[in-house]
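Chain residues, written in single-letter form:
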Amino acid sequence: MSDWVVDLVEELTKLGCECAEAEAATKLLEDNRKSVLAKIKLKFSHINSDAGRETEARASDEFFEFNNTLSVARERSTIMRVRYNAQDMLCRLRQTQASLKKSEINAQMAHHA
């Protein structure tokens, strides 16, 4: 197997792992969003209504920071997915090019035989 093929596959594998890690981190944050909000709401127990506690919790710096972290994670996940897809497309393109070249060589050999 050519060195460039090995390099492409290794890069695709690396990007795939990084993409999976980024997506897992994003999912973890998304899965914990309601729990984080509930925990922050406890800090506003002096407010009589649940709606009032939730409003204060959603307006808190802590929840704002959590949402910023989630936003950064989503952005990283999307970027990693784009990079992975681009590398995958490059691998497929190179595979197609190699197949076409092989077909051309076979056609030339058949023509000269």
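Use the structure listed above.
Note that the coordinates shown come from a computational prediction; the quantities given were computed from them, not determined experimentally.

What to know about the side chain of lysine 41
Here lysine 41 shows up in helix α1 (residues 3-42). With relative accessibility at 16%, the residue lysine 41 sits in the buried group. Excluding its chain neighbours within four sequence positions, the residues that come into contact with lysine 41 are Asp50, Arg53, Glu54 and Ala57.

So, the environment of asparagine 67
Looking at the element boundaries, asparagine 67 is found in helix α3 (residues 61-112). Given the relative accessible area of 23%, asparagine 67 is considered partly exposed. In sequence terms asparagine 67 and glutamate 30 are 37 residues apart; their C-alpha atoms lie 9.5 Å from each other.

Some thoughts on the environment of arginine 74
Here arginine 74 lies in helix α3. The class for arginine 74 is partly exposed, based on a relative accessible area of 41%. C-alpha separation for the pair arginine 74 and alanine 51, spaced 23 residues apart in sequence, amounts to 28 Å. The residues touching arginine 74, leaving out its near neighbours within four places in the chain, are Thr26 and Glu30. Within the local environment of arginine 74, its side chain forms a polar contact with the side chain of glutamate 30, the two groups lying 2.9 Å apart.

What to know about α1
For α1, spanning 40 residues, the distance from its first C-alpha to its last is 58 Å, which sits close to the expected 58 Å at 1.5 Å a residue. All buried positions along α1 are accounted for by Leu8, Leu12, Leu15, Glu18, Cys19, Ala22, Thr26, Leu29, Leu37, Ile40 and Lys41.

A look at the packing of aromatic side chains
Under the counting rule described, the total for this entry stands at 1 aromatic pair. Between phenylalanine 63 and phenylalanine 66, the ring centres sit 6.3 Å apart and the planes meet at 15°, which makes this aromatic pair stacked. With phenylalanine 63 and phenylalanine 66 both in helix α3 and 3 residues apart, the pair spans about one turn of that helix. Its relative accessible area of 11% is what places phenylalanine 66 among the buried residues.

With respect to the nonpolar core
Nonpolar side chains tend to gather and get buried jointly when the protein is soluble and globular. The biggest cluster of nonpolar side chains holds 9 residues, and these are Leu29, Leu37, Ile40, Phe44, Ala57, Phe63, Phe66, Leu70 and Ala73. Among the elements that make up this core, the one with the highest residue count is α3 (4 residues). If sequence neighbours within four positions are ignored, phenylalanine 66 has contacts with Leu29, Asn32, Arg33 and Val36.

Calculation notes
- Residues numbered from 1 in each chain as written.
- Predicted model: local features only at pLDDT ≥ 70, side-chain atom pairs only at ≥ 80, totals over all residues.
- Heavy atoms only, no water.
- Helix = DSSP H or I, 4+ residues; strand = E, 2+ residues; numbered from the N terminus.
- Buried < 20%, exposed > 50% of the residue type's maximum accessible area, 1.4 Å probe, protein only.
- Contact = heavy atoms within 4.5 Å.
- Polar contact = N/O pair within 3.5 Å; in protein donor to acceptor, adjacent residues only side chain to side chain.
- Expected span 1.5 Å × (residues − 1).
- Phe/Tyr/Trp six-rings, centres within 6.5 Å; stacked < 30°, edge-to-face > 60°.
- Core = buried A, V, L, I, M, F, W, Y, C linked by side-chain atoms within 4.5 Å.

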